[in-house]
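Here's the letter readout for the chains.
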Amino acid sequence: MTNTAWRVALGVVASSAFFWAVAGAVDLGLERTRRGYALPDGGEWYTFALFAGFIVAYLGVASLTDTPAGRHAALVPAAGACFGAVSCLLIGQETRHWVGAAVMALIASALPLVVHLRNRARRARPAADAPA
């Protein structure tokens, strides 16, 4: 397994942990505290996974931008969002779970499309600006 493959695997696992925590937050809901909103008691693992998953996934995706897999780096968080959508529906079947799963599925499908369109526009721009 190459170094790039390890970074992709780490990014997918961390992104999946982040979106699993989002699914857990959808299930538990938020409660108002003196300092704002927080997960209720029992949501410590979700809070840890939310922060750690985001940081590690962000660093994993950022490290892929200079490799041959850079153009496919958007698939890493998309895979995690798919896992989060499935997790959200496995946790519960109420309306809030369906809405959370739909939002995560939208993220999973839109992120690679947006990156592809941005890269296509970037490739087309230099050809139009080239001197004749």
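Residues numbered from 1 in each chain as written. Predicted model: local features only at pLDDT ≥ 70, side-chain atom pairs only at ≥ 80, totals over all residues. Heavy atoms only, no water.

## Here we look at the pattern of salt bridges
Defined as follows: What counts as a salt bridge is simple: a side-chain nitrogen of Lys or Arg found within 4 Å of a carboxyl oxygen of Asp or Glu. Elements are defined by DSSP. Helices are runs of H or I of four residues or more, strands are runs of E of two residues or more, and each kind is numbered from the N terminus. Accessibility here uses a 1.4 Å probe with only protein chains present; expressed as a share of the type maximum, an area under 20% marks a residue as buried, one over 50% as exposed, and anything in between as partly exposed.
What the rule picks out here adds up to two salt bridges. Note that Asp27 and Arg96 form a salt bridge whose closest N and O atoms lie 4.0 Å from each other. A residue pair is termed long-range when its members are at least 10 positions apart, and Asp27 in helix H1 (residues 3-28) and Arg96 in helix H4 (residues 95-129) qualify at 69 residues. Since its relative accessible area comes to 23%, Asp27 is described here as partly exposed. Taking relative accessible area as the criterion, Arg96 reaches 39% and is therefore assigned partly exposed.

## Description of the packing of H1 against helix H3 (residues 75-91)
Counted only if it meets this: All axes here are fitted lines through C-alpha atoms, helices being fitted over the stretch that makes contact, and every angle between N-to-C directions spans 0 to 180 degrees. The handedness criterion is simple: a crossing whose near helix is rotated anticlockwise from the far helix by less than a right angle is left-handed, and one whose near helix is rotated clockwise is right-handed. Should any heavy atoms of two residues lie within 4.5 Å, those residues are counted as being in contact. Put simply, Ala, Val, Leu, Ile, Met, Phe, Trp, Tyr, Cys and Pro go in the nonpolar bin, Asp, Glu, Lys and Arg in the charged bin, and everything else, Gly too, in the polar bin.
Contact geometry for H1 and H3: axes closest at 7 Å, N-to-C directions at 35°. In this structure, the crossing between H1 and H3 has a hand that is right-handed. Residues Val8, Gly11, Val12, Ser15, Ser16, Phe19, Trp20, Ala23, Gly24, Val26 and Asp27 of H1 form the contact with H3, whose participating residues are Val76, Pro77, Ala79, Gly80, Ala81, Phe83, Gly84, Ser87, Cys88 and Ile91. Residue composition of the contact of H1 with H3, grouped by class: 13 nonpolar, seven polar and one charged.

## Things to note about the nonpolar core
What counts is decided by this rule: Residues belong to a common nonpolar core when they are buried Ala, Val, Leu, Ile, Met, Phe, Trp, Tyr or Cys residues joined through side-chain atoms within 4.5 Å.
Within the largest apolar cluster, eight residues are counted, these being Phe19, Ala23, Ala81, Ala85, Cys88, Ala101, Met104 and Ala108. Broken down by secondary-structure element, the contributors of at least two residues to this core are H1, H3 and H4. Those residues in contact with Ala85 that lie beyond four places of it in its chain are Ala101, Met104 and Ala105.

## Focus on helix H2 (residues 44-63)
Rule in force here: To estimate the expected span of a helix, subtract one from its residue number and multiply by 1.5 Å.
When the terminal C-alpha atoms of H2 are compared, their 28 Å separation across 20 residues agrees well with the 28 Å that a helix rising 1.5 Å per residue should span. Residues Tyr46, Ala49, Gly53, Ala57 and Gly60 constitute the buried set of H2.

## Some points on the packing of aromatic side chains
So the rule is basically this: Pairing of aromatic rings covers Phe, Tyr and Trp, the last counted by its six-membered ring, and requires centre-to-centre distances within 6.5 Å; plane angles under 30 degrees mean stacked, over 60 mean edge-to-face, and any other angle means tilted.
Tallied over the entire structure, the rule returns five aromatic pairs. Residues Trp20 and Tyr46 carry aromatic rings whose centres are separated by 4.7 Å and whose planes lie at 50° to one another, so their mutual orientation is tilted. Of this pair, Trp20 sits in helix H1 while Tyr46 sits in helix H2, and the two are 26 residues apart along the sequence. Taking relative accessible area as the criterion, Trp20 reaches 30% and is therefore assigned partly exposed. Residue class for Tyr46 comes out buried when judged on its relative accessible area of 16%. Here Trp45 and Phe48 contribute two aromatic rings whose centre-to-centre distance is 6.3 Å and whose plane-to-plane angle is 90°, an arrangement assigned as edge-to-face. With a gap of three residues between them, Trp45 and Phe48 both fall in helix H2, about one helical turn apart. Residues Trp45 and Phe48 agree in their burial class; the two are exposed.

## Topic: the packing of H1 against H2
As a reminder, the rule being used: For this classification, under 35 degrees means roughly parallel, over 145 means roughly antiparallel, 65 to 115 means roughly perpendicular, and everything else is oblique.
Contact pair H1 / H2: the axes reach a minimum separation of 7 Å and the direction vectors enclose 150°. As far as their axial angle goes, H2 and H1 are roughly antiparallel. Read as a crossing pair, H1 and H2 show a hand that is left-handed. Between H1 and H2, the contacting residues are Arg7, Leu10, Gly11, Ala14, Ser15, Ala17, Phe18, Trp20, Ala21, Val22, Gly24 and Leu28 on the first element and Trp45, Tyr46, Ala49, Leu50, Gly53, Phe54, Val56, Ala57 and Ser63 on the second. Counted by class, the contact of H1 with H2 contains 15 nonpolar, five polar and one charged residues.

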